[in-house]
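For reference, the chains in residue letters:
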Amino acid sequence: MGIPVSMTVNGKAVAAEIEPRTLLAQFLREHLRLTGTHVGCDTGQCGACTIHLNGRAVKACNLLTAQAQGAQIVTIEGVAAANGELHPMQAAFRQHHGLQCGFCTPGMVMAALDLVKRQPNPTEDAIRAGLDGNLCRCTGYHNIVKAVQTGAAAMKG
Amino acid sequence: MNAPVIGTRVERKEDYRFLTGSGTYTDDVALPGQTCAYFLRSQHAHAKINRIDISKAKTAPGVIEVFTGADLPGSVGGLPCGWLITDVNGQPMKEPKHPLLAQGKVRYVGDHVAVVIAETLNQAKDACELIEVDYEVLPAVVNVADARKPGAAQVHDIAPDNTCYVWALGDKTAVDKAFAQAAHVTKLDFINNRLIPNAIEPRAAVASYSRGDDSYTLYVTSQNPHVARLLMTAFVLGLPEHKLRVIAPDVGGGFGSKIFLYAEETVLTWASKQVNRPIKWTAERSESFVSDAHGRDHLTSAELALDKNGGFLALRVHTTANMGAYLSTFASCIPTILYATLLAGQYTTPAIYCEVTAVFTNTAPVDAYRGAGRPEASYVIERLVSTAAREMKIPDADIRRRNFIKEFPYQTPVALCYDTGDYEATLTEALKLADVAGFEARRKEAAARGKLRGLGYSAYIEACGLAPSNVAGSLGARAGLFEAGEVRVHPTGKVTVFTGSHSHGQGHETTFAQVVADRLGLGVDDVDIVHGDTGRILFGMGTYGSRSIAVGGTAIVKALDKIVAKGKRIAAHLLEAPDADIEFKDGKFTVAGTDRQVPFAQVALSAYVPHHYPLDKLEPGLNESAVYDPTNFTFPAGSHICEVEVDPDTGATKIVNFTAVDDFGKTINPMIVEGQVHGGLAQGIGQALLEACVYDRETGQLLTGTYLDYAVPRADDLPSFKVTTRETPCTHNPLGVKGCGEAGAIGAPAAVINAIVDALAHLGIRDIEMPATPQRVWQALQSAKKERIAT
Amino acid sequence: MYAFEYHRPSSIKEAASLARKLADAKLIAGGQSMVPALKLRLARPTAMIDLNDLPELRGISVVGTNVVIGALTRHAEVAASKDVLMTLPVLAKVAAGIGDHQVRNMGTLGGAIANNDPAADYPAALLGLGATVTTNKRDIPADKFFTGMYETALKPGEIIASVSFPMAKRAAYIKFRNPASRFALVGVFVSETAGNVRVAVTGAAPCVFRVKNMEKALASKFAPEAIARIRVPADNLNSDLHAGAEYRSHLITVLAQRAVEAALSGK
């Protein structure tokens, strides 16, 4: 029944035997206990489960774990520095109050990091368009937009 | 000393854990031996259950137990409603039993039929499909407008005509008289669209039972764990209250939907003892859509009577409100106590009459959703006012100014007494910030591009800080509405505060710490706020109705007063001075008029190491609690101005500017306050432009059951907002605060629709139903075109 | 989701043979439509055949006057491809507007057209450009490929290898989004290739379709006003919660004009 999978998660090699129907989000949360990756919907819209797969933002609840065989995965737990210091994008979210309940936040930060990689100087419109895969119900996005702008600037500097 | 932090933009203490993925939400809890639950839900809106066969499910792989309504002992009650409404005839509202698992009938799509408990979630779901239910499908009544029609299906035998109650407020005779003398009457019919709250964290629960001490622990996504415990133990399961600990850990947004006691966590708690293992249930989003309590869903007919100068004479409102299939925890008070009482708005309308008919339908229960009753009231008033202004050719700002309440306290004709406010000030500031003066030029510029611009106003008021318990009680509340707080000063002078308020995004860990830090002269990092655990906190009524800082914050202030009073007595002993001579300021106790002083931390240490201590007069330790019951509601108010651009070719509306000037009294942390406003505006704009919960009118199937059909606003649906505040301090709490959580959702819908109507009014369009989707706007334009051709 | 077997073939041949052999098996590439369907238990395949180990299905090349894109190429790769941006920028724009950012990082061209969602974007591009689908068996012109709602000309065991898009003299795609799903409520693709004008519409009917009378009008005069009065009758158009058939019919004309305008301005 089980199939073997192996991948690198936040720099560490992991291997497990899983049921084929295990979603990547489920694998991260339940097998690896990396619960920062959240699940907010079942149709792939909310983006709370956004992680990086081989350097690109994807929705971990919209992937079979097996599809990530051999991949390099980064989750929200792998973003801050080893000593715990926040990444400039995380710090910008705190500075601008870009989060309230915190549930969409990990996905939002992961999406923002990918956005800035593509567009190092994003305009407000580009940020709003670039976050089309993430829902936030608390902030009205106003402060998220400001945070991403500040985070982008800090990442260059 | 530490600089004062009240009124400053302190970065949030809770953010580090949320930003690093180290928060603990209910679904993150994993207990040893944990099992998974999955609920079988009705696919029918209304059906008789002839038979349920669980035999195949019970023997499916991994299944531990399967329970149906028949397994619940007779001693288990239904989910209670916390507010008794008495109808126009003095009779109590109809309260049908709200079973945890269906008893012979299902009454909405999503109703709970059975629960499967298995080793894994997939096994529970697989087994659920093996349960055979023999349904006899019955006709359903779905739409609020159909509920009382002759021949409509009956949801409950005990509620003829599907009527829960007919309730009224105000002086009908005075209103009728005023209408007879009016120079102008403006009449509108409204649908206040049904909404699905959609906190991004789905509801979840983990229940466990300890046979060793016969006690239960429940982790649950709740805005008010103590209320959940009280209702669950005393009214449903009949358990001793002290044997259940309810923990609401990090909660990912609530907006009202997590106030209520639901079947799922209640069944889990009961079942955890039956299977003697922990059980987890987390809603899939599709389950949230069908089973979270929905919001709004009013059908209203409203009329405003005016004199020839645009002065308001009277307001008459008839509303039918949908309760859904059962009464959720606070359902009955939303369209009554939290709605009709707000119909004076910011105006001196001398006579108001409102009649509300609450009906049952075969839909999910409807209860409080951000604003809860107040957005509906504000929408009625502000749409009428702008429509009257247009009809009487009076500018929007002028008609409002002409009717603003200017003297306080002000007793409205609908029971409330406003303590303070300055509506002129918020409106004037909003006009400036929105650059209303430049609007005509912008309208012309847009017209040159083939686009229609409009400007919409909304001057809302809300009653927050729920509530004086005795007033609420006299209106039917079955619980108190105070709040508890406890301040525990540790021997080193660091402080832990326990509050009955619950933060699920509001940032209490920071704002409450700011209050405490300032009072005790400490740094924000010297203070930790604990909430959401009945095992650690004295008591609590929780967070909703923008009540946390006004009620919960005041309870903490009262406890702080006691800390300072006791501290003074300890300091007096240490300084060998009379108690009355001790002053406390900037973290130091000082003998008045001298430089003899002792710092707060030293007093704290003395309290715990009472070697030199007035043991004959004082107990050691420095820990105080207080329970605060407010003397009045608070009345946040403000002016919102929305500017839209409509594309007449597609009907698409774009919000190009949104300005909100709000008066929340004193603000503790302006950054957090602005964030609350932004979020409220997004939900208010969502209601106006995007969101609609739609059921099939015949079958009762939910047609908007995923994010593919229910439009929650995304980043590019919204503009950046212009937000600022004016302060008239609340007169009856020590912090002068009013609350800010719901304002955006209350003010925004009318501003948006008024703006769209303003953009289209020259074409003869006078109303657009919410949500004003592109298709609706386009259709309105088409009908207007046809009418113009016909005439 | 229901349980299934999982296979990860290392050649197209092996994939095709598995697909023929296993009853009720499904091919999975990006899985951005497939996985949600599995989660909601709307699909019950007995086996999933994962194509992600077939690099030969991936890549973008310019062959003569055609842009050839491998079936396993992700939307984000098409959107960012210099070759595509240089030779057929409209295709990059189509790819850049599919789903959302995360979906574009996983979703593939082959998956999108094999699924043939009635509101998908790529089918409009294929039909609007007269592209050719190449499978492990044959070449299929776009006009014959999309056969109905979620239906294509693909036969069991047939696997899409690539799609060949002819370069256009000018082309544009305008999409009016469903406010909730962000799929096309109506999307119109307009192109002019060597002497050939095409207008393809997605989102409006059970399957992508061409508007021949608009094509004819534009062939004689490629300008918005040439089609301003041409309406696609509402009779066969979709009517749902978000848009009635009349509204969709109206939008087709509005968006087609805007697409022509955009094609003319090169934006």
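Residues numbered from 1 in each chain as written. Chains lettered and ligands numbered in written order. Predicted model: local features only at pLDDT ≥ 70, side-chain atom pairs only at ≥ 80, totals over all residues. Heavy atoms only, no water.

A. Summary view of empty space enclosed by the protein. Residues and elements named next belong to chain B. According to the stated counting rule, one finds 9 cavities of 30 Å³ or more in the structure shown. Its boundaries defined by the atoms lining it, the second largest cavity holds a volume of some 90 Å³. Together, L79, H98, Y108, H112, F260, L261, Y262, A263, S291, A293, S328 and P365 line the second largest cavity. (1 Å grid on protein atoms, 1.4 Å probe; cavity = no way out; pocket = protein on both sides within 12 Å on 5 of 7 lines; lining within 4 Å. Points joined across faces, edges and corners; volume = space filled by probe spheres on them.)

B. Quick peek at the side chain of E215(C). Residues and elements named next belong to chain C. As for its placement among the helices and strands, E215 is situated in helix α10 (residues 212-220). A polar atom in the side chain of E215 sits 2.9 Å from the backbone nitrogen of V199. Once residues within four sequence positions are removed from consideration, E215 is found in contact with V197, R198, V199 and R210. (Helix = DSSP H or I, 4+ residues; strand = E, 2+ residues; numbered from the N terminus. Polar contact = N/O pair within 3.5 Å; in protein donor to acceptor, adjacent residues only side chain to side chain. Contact = heavy atoms within 4.5 Å.)

C. Representation of the pairing of strand β4 (residues 60-63) of chain C within the structure. Residue and element names in this part refer to chain C. In this structure, β4 lies alongside strand β5 (residues 66-70), joined through 4 bridges in antiparallel fashion. Following the sheet pairing, V62 is matched in β5 by V67. Between the end of β4 and the start of β5, which pair antiparallel, lie 2 residues, with G64 showing a positive phi angle near 60°. (Pairing = 2+ DSSP bridges.)

D. Up close: the packing of helix α18 (residues 774-790) of chain B against helix α11 (residues 245-265) of chain C. Running from N to C, α18(B) and α11(C) cross one another at 85°; their axes reach a closest spacing of 11 Å. Taken together, the axis directions place α18(B) and α11(C) in an arrangement best described as roughly perpendicular. Contacts between α18(B) and α11(C) pair P774(B), Q775(B) and W778(B) from the former with E246(C), Y247(C) and H250(C) from the latter. Grouping the amino acids of the contact of α18(B) with α11(C) by side-chain chemistry returns 3 nonpolar, 2 polar and 1 charged. (Axes fitted to C-alpha atoms, helices over the stretch in contact; angles between N-to-C directions. Parallel < 35°, antiparallel > 145°, perpendicular 65-115°, else oblique. Nonpolar A, V, L, I, M, F, W, Y, C, P; charged D, E, K, R; others polar.)

E. Structural context of the domain arrangement of chain A. Residues and elements named next belong to chain A. As far as domains go, chain A holds domain 1 (3-78) and domain 2 (88-156). The interface is formed by 18 residues belonging to domain 1 together with 15 residues belonging to domain 2. Where domain 1 abuts domain 2, roughly 1200 Å² becomes buried across the two surfaces, and 60% of that area is made up of carbon and sulfur atoms. Sorting the residues of domain 1 by area buried against domain 2 places H38, H52 and I76 first, and these three jointly supply 39% of that buried surface. For the pair domain 1 and domain 2, the number of links is 7 residue pairs in polar contact (both at pLDDT 80 or more). When residues of the side of domain 1 that touches domain 2 are traced back to their parent elements, those giving at least two are β3 (50-53) and β4 (56-59). (Domains from an automatic or database assignment. Buried area = accessible area lost by both parts, 1.4 Å probe.)

F. Focus on the interface of chain B and chain C. Taken together, the contact between chain B and chain C spans 24 residues of the former and 23 residues of the latter. Between chain B and chain C, roughly 1900 Å² of surface is buried when both sides are summed, and carbon and sulfur atoms account for 49% of that area. Its largest share of buried area at the contact with chain C, chain B owes to T650(B), Q775(B) and W778(B), together 28% of the area lost on that side. Where chain B meets chain C, there are 6 salt bridges. Among the ionic pairs, D126(B) bridges to R41(C), the shortest N-O distance being 2.6 Å. Scanning the region where chain B abuts chain C turns up 13 residue pairs in polar contact (both at pLDDT 80 or more). Looking at the side of chain B that touches chain C, the elements with two or more residues in it are α3 (121-128) and α18 of chain B. (Salt bridge = Lys/Arg side-chain N within 4 Å of Asp/Glu carboxyl O.)

G. Expanded view of a nonpolar patch on the surface. A grouping of L605(B), Y608(B) and V609(B) is seen on the molecular surface, where their side chains present a nonpolar patch of about 230 Å² in accessible area. Among the secondary structure elements, V609(B) is positioned in the loop between α15 (600-608) and β25 (623-628). (Patch = residues over 30% accessible without salt bridge, like charges linked within 9 Å, V, L, I, M, F, W, Y side chains within 5 Å. Areas by Shrake-Rupley, 256 points an atom, 1.4 Å probe, with all protein chains shown as cover.)

H. Layout of unusual backbone geometry. Residue and element names in this part refer to chain B. With an omega of -5°, the peptide bond running from F408 to P409 counts as cis. Mapped onto the fold, P409 is located in the loop between α9 (396-403) and β16 (410-411). Note the cis peptide between L466 and A467, where omega equals -15°. The topology assignment puts A467 in the loop between β18 (452-461) and α12 (469-474). Backbone geometry at F255 places phi at a positive 60°, although glycine is not the residue there.

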